[in-house]
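# Descriptive structure summary
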Amino acid sequence: MSEGVLERDKGCVLLTIRSDDPSLELGMKPEWGVGNQLLLAGFCKKLRLKSDIKGSFSTHEVQWDTAMTNSYARMLVSEGNGVFLTLQNLMAAGEDNPSVKRQQLVKISHKYRSVIKACVDHMQLVADSITDDTSLKLRLEDQSQVLFKIELVWHLCEIMFVDIQPVGALLTRLVDWIRWHFPECETWVKQVMESSDPAQHPLYWDAIYSYVLQGRIDEVRKLLRIRRSIDADELVAMDDLLSRMPVFSYFNTLSEFDLYWHKWHEECKLTLDRGTFQLSPNLEKICQLLSGKIETFLEMTNLCETWYHLMVSNLLYTNPCVTVGELSDLAHDYVNMFGGPMAVSDLDHILLAAFELNALEVVKESSQNLESWWFAAHITDLLRHVGNFDTSHDQGHISLREFLLLDYASGLASHCSMWQFAIDYFDHCPTYGQQMMECFLERISLQSELKANKILDIALKRNMTHLANTVCKLYGRKALQNGRLGSALTWAIRSKDVQFSTYLAEQFISEYVRSGEFYAPSLLDNLGPSVLYSDKLTFLGKYREFQNCYANKEFKQAANVLVSLISSRFAPKSLWMALLLDAIPLLESEQVLFDDEQTYELLYFLEELSSIKDESNSELDKKTQTLRLAIGRNLMRAHTREKFGKE
């Protein structure tokens, strides 16, 4: 018995194995399994004979969960899969208008972000409700943080690569990005407004500064009105400045906005220089922010939290017409203000790559640091459709998009409850998708008939004939082992396995000989064209046809079917006498049902049966005599009808 523990340490994975397998003492040889699986075996180059080690050799399987394969993240996988398929269908439709196509891609990006946000909220809600399992609570909070980072990066990629805006509107999108991901100030405002004296609350000014940093001017004005009775003149002046701050969306052209903004900005500086707010340090600090004084912004790094929050906030009051090309250098400048390169985190590297418009680096850093292929696979797929990845990013004869989708799908395929989602991703990987899909499906354990039917349906829809036949054979044999003969025959027919179908047909015949009744007669009644797979199946189908005709009193048709069945010699010899005995009621019928030729066929069949009898049997001899008399009488009646045209 062995136990394994996986631990992460500075980007490395440490594996500790506790086992009573003596071969592991010599060393281990690892091999990758399927998905999140590692196979380990004892290994030593100097070991020549197994007898050198006492005990048995074993292969140890190590599996681990990732942030995307637990039950709480299933929402992200399933909903993300739906958005992915919607995107593929839209692109397959082939929209010719670039503007319409861009709008479609932006909507898809919004849907992806909505899915991520919903998953973050759900996971956080579950974590908050847990009171008795600290370990699970911490694990969920950690995974929620991973998803928060994914949403943050996705939103920035949308701004930089997908929903590309003109100068002026670009900063508006970045401000929205900051507001969306740093909502702490809203919590502070709620606490302030719920207090008995909001103006004296310790968080009052921090809430106002945070709103200013996020460009939420209307909310700032509302909060300042609370103090109007205290600092009336200064508040009126500040309110006037805030109310006249230009907003890009209100202007028709960039030049018009730029003109008004610079005029307003100069007025903020002049107001500050005149000392209008000298007697009110808090209002003066607001005016310093409006004037874009970098020293004041640096004083508020505790409110900005990150360098990119500081950058967007400062640009809002210094360069609202910033261009995409300027953001790369500016980002590095603000990183230096916020601790320099030594303080840059893994997340910062991803964001810097996005500001540099380096989509490939975003994908690379995300793959290494966000603990999942989900983000890398889906953002690459989206950006490939946008046009940010060309063939120069492909790996040999496989595209980067397909490489990442295959890796993500492989992880899903190895998960017991998520393998079906993997099929959709394999479907959209033109080079190796179907081959990998077939490999994974062949290795899925057929634990239930429902699961087997799902795999079979997938295989048949994609013309995977070999896989479909394999599934049918495996489950047919499993059904036979469980004593379900009808189910086994159904699977054998679906697999088109002639040998197995013949064997099962023989089992049906043996059961009929033993009990006098067919097992699962409704199945035999609906064999259809599959009766042609083997002689034994043909016999079963035709014999059931005879029985049904007889039961429905279609005696002439029953006679024809019976003679046809006898002539074919498909019936096993153990049933030859039974077939002839079935003919007696038809031979004795008032109506002549067998003509001359058919009657002679019955006689030949009886003679053949008599010639192969091993020993005399009084009961058998009696039946043979009865048959001879019935056949003779019918032959006479058939001759008479043929000669005189009447019964």
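Residues numbered from 1 in each chain as written. Predicted model: local features only at pLDDT ≥ 70, side-chain atom pairs only at ≥ 80, totals over all residues. Heavy atoms only, no water.

### Quick word on the overall build of the protein
Helix and strand counts for the protein stand at 30 helices and five strands. Put simply, the protein has 647 residues, and 47% of those count as buried. In the protein, of all internal contacts separated by at least 6 residues, the share reaching a separation of at least 24 is 61%. When the accessible area of the protein is evaluated, it comes to approximately 33200 Å², of which 51% is carbon and sulfur surface. (Helix = DSSP H or I, 4+ residues; strand = E, 2+ residues; numbered from the N terminus. Buried < 20%, exposed > 50% of the residue type's maximum accessible area, 1.4 Å probe, protein only. Contact = heavy atoms within 4.5 Å. Areas by Shrake-Rupley, 256 points an atom, 1.4 Å probe, with all protein chains shown as cover.)

### Let's talk about the side chain of glutamine 547
If you trace the backbone, glutamine 547 turns up in helix α26 (residues 535-551). A polar contact of 3.4 Å, which involves the side chain of glutamine 547, links it to the side chain of tyrosine 512. The residues touching glutamine 547, leaving out its near neighbours within four places in the chain, are Tyr512 and Phe518. (Polar contact = N/O pair within 3.5 Å; in protein donor to acceptor, adjacent residues only side chain to side chain.)

### So, a negative patch on the surface
A contiguous patch of negative charge on the surface is contributed by Glu326, Asp329, Asp333 and Glu356. Within the element layout of this structure, glutamate 326 appears in helix α14 (residues 324-337). (Patch = residues over 30% accessible without salt bridge, like charges linked within 9 Å, V, L, I, M, F, W, Y side chains within 5 Å. Salt bridge = Lys/Arg side-chain N within 4 Å of Asp/Glu carboxyl O. Lys, Arg positive; Asp, Glu negative; His and termini not counted. Charge placed at Lys NZ, Arg CZ, Asp CG, Glu CD.)

### Things to note about the nonpolar core
Here is a general trend for soluble globular proteins: nonpolar side chains tend to be buried in one another's company. Among the nonpolar cores identified, the biggest contains 150 residues, and Trp177, Leu224 and Phe355 are the most heavily contacted of them. Looking at which element gives the most residues to this core, the answer is helix α3 (residues 134-162), with 14 residues. With 48 residues, the next largest nonpolar core counts Phe546, Ala571, Ile584 and Leu627 among its residues. (Core = buried A, V, L, I, M, F, W, Y, C linked by side-chain atoms within 4.5 Å.)

### Here's the deal with the packing of helix α4 (residues 169-181) against helix α13 (residues 307-316)
Closest axis-to-axis distance for the α4/α13 pair is 10 Å, and the angle between their directions is 135 degrees. As far as their axial angle goes, α13 and α4 are oblique. Crossing geometry of α4 relative to α13 is assigned as left-handed. Residues Leu171, Leu174, Val175, Trp177 and Ile178 of α4 touch α13, and the partners they reach there are Tyr308, His309, Val312, Leu315 and Leu316. (Axes fitted to C-alpha atoms, helices over the stretch in contact; angles between N-to-C directions. Parallel < 35°, antiparallel > 145°, perpendicular 65-115°, else oblique. Left-handed = near helix turned anticlockwise from the far one by under 90°.)

### Details of helix α16 (residues 359-369)
Considered for burial, the residues of α16 that qualify are Ala359, Val362, Val363, Glu365 and Ser366. The inward-facing, buried residues of α16 abut α3, α15 (346-355), α17 (373-386) and α18 (400-413). Among the residues trailing α16, glutamate 371 stands out with phi positive, at a value near 60 degrees.

### Thoughts on the layout of surface pockets
Estimates place the volume of the second largest pocket at around 600 Å³. Around the second largest pocket, the lining is made up of 25 residues, and of these Arg179, Gly215, Ile217, Pro246 and Val247 lie nearest the centre. Of all the elements in the fold, those that place two or more residues in the lining of the second largest pocket are α4, α7 (217-224), α8 (232-243) and α9 (254-273). Counting residues per element, the lining of the second largest pocket draws most heavily on α4, which supplies five residues. Along the lines of polarity and charge, the residues of the lining of the second largest pocket split into 13 nonpolar, five polar and seven charged. (1 Å grid on protein atoms, 1.4 Å probe; cavity = no way out; pocket = protein on both sides within 12 Å on 5 of 7 lines; lining within 4 Å. Points joined across faces, edges and corners; volume = space filled by probe spheres on them. Nonpolar A, V, L, I, M, F, W, Y, C, P; charged D, E, K, R; others polar.)

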